[in-house]
Amino acid sequence: MYSIEVKNLSFKYKNMKENILNHVNFQVKAGETVAIIGQSGCGKSTLCNCLCGLIPKVYAGELSGDVFIYGENIKNLSHAEIVRRIGIIFQNPATQLFSPTIEDELAFGPENLCIDREEIDFRMKKILKAINMEEYRYDNPNNLSGGQQQLIAIASVLMLKPSILICDEIMSWIDKEGKEIIKNLLLKLKDEGKTIILVDHEVENIQLADRIIHLGEK
Ligand SMILES: Nc1ncnc2c1ncn2[C@@H]1O[C@H](COP(=O)(O)OP(=O)(O)OP(=O)(O)O)[C@@H](O)[C@H]1O
Ligand SMILES: [Mg+2]
């Protein structure tokens, strides 16, 4: 079964004249790491937003075609069902972090899904250990480096145990050292069998992809 299947997907933002996505078709196998590349403005982030349901739930427009997540049409999945399957991480980690402590940040998503305290604590310890940031649990995310903030943004998504991760240019604001740490984490997640979608301009950042999808080329 495919983890993601995109069938004939087209999208036009409200008040825009032309479609941003035009009959996009592709499939991603479970456990695959796929890079999506294409010129700036070709619709990569728009596509990511379709894959995680932000379009049409948050951004309005005309959408046609279908996205299937493990064979289920995303149209038929609730927000809670989507976030348990797919996590999305954006370019600027600061937009994703809003809690006074890392502990609060990591607990926010699972608390909203009514996951019990013990389980949240168990997941948090495991994830903080995996990213080597156990000692930062009670710190304010604002005091971290960009690379560390991005790790926490990824960790907050991993708290919900999604099997698919969408990374929309997550390296762009990160220094060299931070990039190395994030790459290692992605490699680990790949080994664990997660499906990973990597959107990036830099060839260097998509080296761990099994294949590349070119968006917007006729
Ligand atoms: N919320 C929105 N409303 C209207 N138009 C939008 C919106 N978001 C993006 N667009 C437009 O849609 C087009 C595609 O944008 P998108 O962000 O998907 O491209 P991208 O490939 O991710 O670009 P980049 O590489 O610069 O991140 C752009 O022309 C952009 O201006
Ligand atoms: Mg983008």
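Residues numbered from 1 in each chain as written. Chains lettered and ligands numbered in written order. Predicted model: local features only at pLDDT ≥ 70, side-chain atom pairs only at ≥ 80, totals over all residues.

Peer 1: Mind laying out the sheet that holds strand S3 (residues 33-37), listing which residues take part and the relevant values?
Peer 2: Taken together, five strands build an open sheet; the order of strands is S6-S7-S8-S3-S9 and the sheet is parallel. The strands lining the two open edges of the sheet, one partner per strand, are strand S6 (86-89) and strand S9 (211-214). Taken pair by pair, the neighbouring strands of this sheet meet at an average axis angle of 20°, ignoring direction. In the sheet, S3 pairs with strand S8 (residues 195-199) via four bridges, with the strands oriented parallel. Residue pairing in the sheet places Ile 36 in a bridge with Val 199 of S8. Sheet strands in contact with helix H1 (residues 44-51) are S3, S6, strand S7 (164-168) and S8, and its direction is about 155° off that of S7. (Pairing = 2+ DSSP bridges. Helix = DSSP H or I, 4+ residues; strand = E, 2+ residues; numbered from the N terminus. Axes fitted to C-alpha atoms, helices over the stretch in contact; angles between N-to-C directions. Contact = placed C-beta atoms within 7 Å.)

Peer 1: Account for the packing of helix H4 (residues 102-112) against helix H6 (residues 146-158), with residues named and values stated.
Peer 2: One can describe the packing of H4 onto H6 by two numbers: an axis separation of 7 Å at closest approach and a directional angle of 35°. Between H4 and H6 the crossing geometry is right-handed. The residues of H6 that touch H4, namely those facing Ile 102, Glu 105, Leu 106 and Gly 109, are Ile 152, Ala 155 and Ser 156. (Left-handed = near helix turned anticlockwise from the far one by under 90°.)

Peer 1: Talk me through the packing of H4 against helix H5 (residues 117-130); I want residue IDs and the actual numbers.
Peer 2: Taken N-terminus to C-terminus, the directions of H4 and H5 make an angle of 130°; their axes are 10 Å apart at the nearest point. The orientation of H4 relative to H5 falls into the category oblique. With respect to the hand of their crossing, H4 and H5 are arranged in right-handed fashion. Taken together, the residues of H5 that come into contact with H4 (itself represented by Glu 103, Leu 106, Ala 107, Pro 110 and Glu 111) are Ile 120, Arg 123, Met 124 and Ile 127. When grouped by side-chain class, the residues that make up the contact of H4 with H5 number six nonpolar, no polar and three charged. (Parallel < 35°, antiparallel > 145°, perpendicular 65-115°, else oblique. Nonpolar A, V, L, I, M, F, W, Y, C, P; charged D, E, K, R; others polar.)

Peer 1: Give me the lowdown on the nonpolar core, citing residues and values where you can.
Peer 2: One broad rule of soluble globular proteins: the nonpolar side chains tend to lie buried together. Within the largest apolar cluster, 54 residues are counted, with the highest numbers of intra-cluster contacts made by Leu 51, Ile 86, Ala 155, Ile 166, Cys 167 and Ile 197. Broken down by element, the residue count for this core peaks at seven residues, all from H6. With residues near it in sequence (within four places) discarded, Leu 51 still touches Ile 4, Val 67, Ile 86, Ile 166 and Ile 197. (Core = buried A, V, L, I, M, F, W, Y, C linked by C-beta atoms within 7 Å. Buried ≥ 20, exposed ≤ 12 C-beta atoms within 10 Å, placed from the backbone.)

Peer 1: Got a sec to walk through the sheet that holds strand S2 (residues 21-29)? Specific residues and values, please.
Peer 2: Pairing is antiparallel across the open sheet formed by four strands, whose spatial order is S2-S1-S4-S5. On the outer flanks of this sheet lie S2 and strand S5 (72-73), each paired with one strand and no other. Pairing geometry for strand S1 (residues 2-13) and S2, over six bridges, is antiparallel. Residue pairing in the sheet places Leu 9 in a bridge with Val 24 of S2.

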